[in-house]
Amino acid sequence: MSTSNVNRRKTRLNSSILGKKASLLALAFTFVLGSVYGMGPVQNADAQTAYQAAYAKTTTDKSKFTAKVVYLVNLERRKAGLKPLAIHAGTAKASRLKAMDMSKKGYFDHTSPTYGSPFNLLKLQKVAFRTAGENIAMGQRSPESVMQGWMNSEGHRSNILSPSFTSIGVGYYNGYWVQLFIG
């Protein structure tokens, strides 16, 4: 085999390897974008079906309730063309405290006898924010049902779809649900 044929084979082999690496990199990049909902508003029936499937598969593992609510919130935001909310540790802790407080003290209200307003609760947890909101619910048995209730309520839906919010914390305890949003 001549030197030029060997060089051409090496070039084709290197191009093939680079092409495969580039394809894998592009696939990985697309996956990452898709997993953080960075692909924009839903524009086709297949994507709509994926949303419906996420709601249809009911989560019964209570240890996964809060993560599923965040996932469903971000699905709704993606459908509306909004950026996803990041989980914020301080708001997540405050949400858990509020859900536990409501359950243990037997009340259902935005104002806690222990912590006061949601804004005061966030301040007590040393959470900095410019804007904040709270959604609460009681009695729903799954993340899917609580999200359906919130999305069917104008005020709750407004919090979920607010472009002012950038972060979320979700709490669940003994049938009590709390979402805290900050921006």
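Residues numbered from 1 in each chain as written. Predicted model: local features only at pLDDT ≥ 70, side-chain atom pairs only at ≥ 80, totals over all residues. Heavy atoms only, no water.

## Some remarks on the overall build of the protein chain
- When helices and strands are tallied, the protein chain shows seven helices and four strands.
- Counting only residues that meet the buried cut, the protein chain has 36% of its 183 residues in that class.
- Counted over contacts in the protein chain with a minimum sequence separation of 6, partners at least 24 positions apart contribute 67%. (Helix = DSSP H or I, 4+ residues; strand = E, 2+ residues; numbered from the N terminus. Buried < 20%, exposed > 50% of the residue type's maximum accessible area, 1.4 Å probe, protein only. Contact = heavy atoms within 4.5 Å.)

## Thoughts on the nonpolar core
- Ranked by size, the top nonpolar core spans 19 residues in total, and within it Val69, Val73, Met147, Trp150, Ile160, Ile168 and Trp177 carry the most contacts.
- Within the residue set of this core, elements represented by two or more residues are helix H3 (65–79), helix H6 (143–151), strand S3 (167–173) and strand S4 (176–182).
- Among the elements that make up this core, the one with the highest residue count is H3 (six residues).
- Once residues lying within four places of it in the same chain are set aside, the contact partners of Val73 are Leu85, Met147, Ile160, Ile168 and Gln179.
- Judged by nonpolar contacts, the second largest core, of 14 residues, contains Tyr107, Leu121, Ile136 and Ile182. (Core = buried A, V, L, I, M, F, W, Y, C linked by side-chain atoms within 4.5 Å.)

## Overview of the environment of Gln179
- Here Gln179 shows up in strand S4.
- Overall, Gln179 belongs to the buried group, its relative accessible area being 0%.
- Remark: the alpha-carbon pair of Gln179 and Gly169, spanning ten residues in sequence, is separated by 5.8 Å.
- When sequence neighbours within four positions are dropped, the list of residues in contact with Gln179 reads Val69, Val73, Ser95, Gly133, Glu134, Asn135, Met147, Trp150, Ile160, Ile168, Gly169 and Val170.

## Remarks on the sheet that holds strand S1 (residues 86–87)
- Strand order in the open sheet formed by four strands is S1-S3-S4-S2, and the pairing between neighbours is mixed. Taken across any chain shown, the strands that pair with only one partner, and hence form the sheet edges, are S1 and strand S2 (132–138).
- Bridge count between S2 and S4: seven bridges; the pairing is antiparallel. Along S4, the bridge assignment pairs Met138 with Tyr176.
- Along the sheet, H3 contacts S1, S3 and S4; its crossing angle with S3, the most-contacted strand, is approximately 140°.
- Against the sheet, H6 touches S2 and S4, its axis set at about 60° to S4. (Pairing = 2+ DSSP bridges. Axes fitted to C-alpha atoms, helices over the stretch in contact; angles between N-to-C directions.)

## A short note on unusual backbone geometry
- If you check the backbone angles, Lys126 has positive phi at about 60° while not being a glycine.
- When you line up the elements, Lys126 lands in the loop between helix H5 (118–124) and S2.
- Look at Lys126 and you get exposed, because its relative accessible area is 75%.

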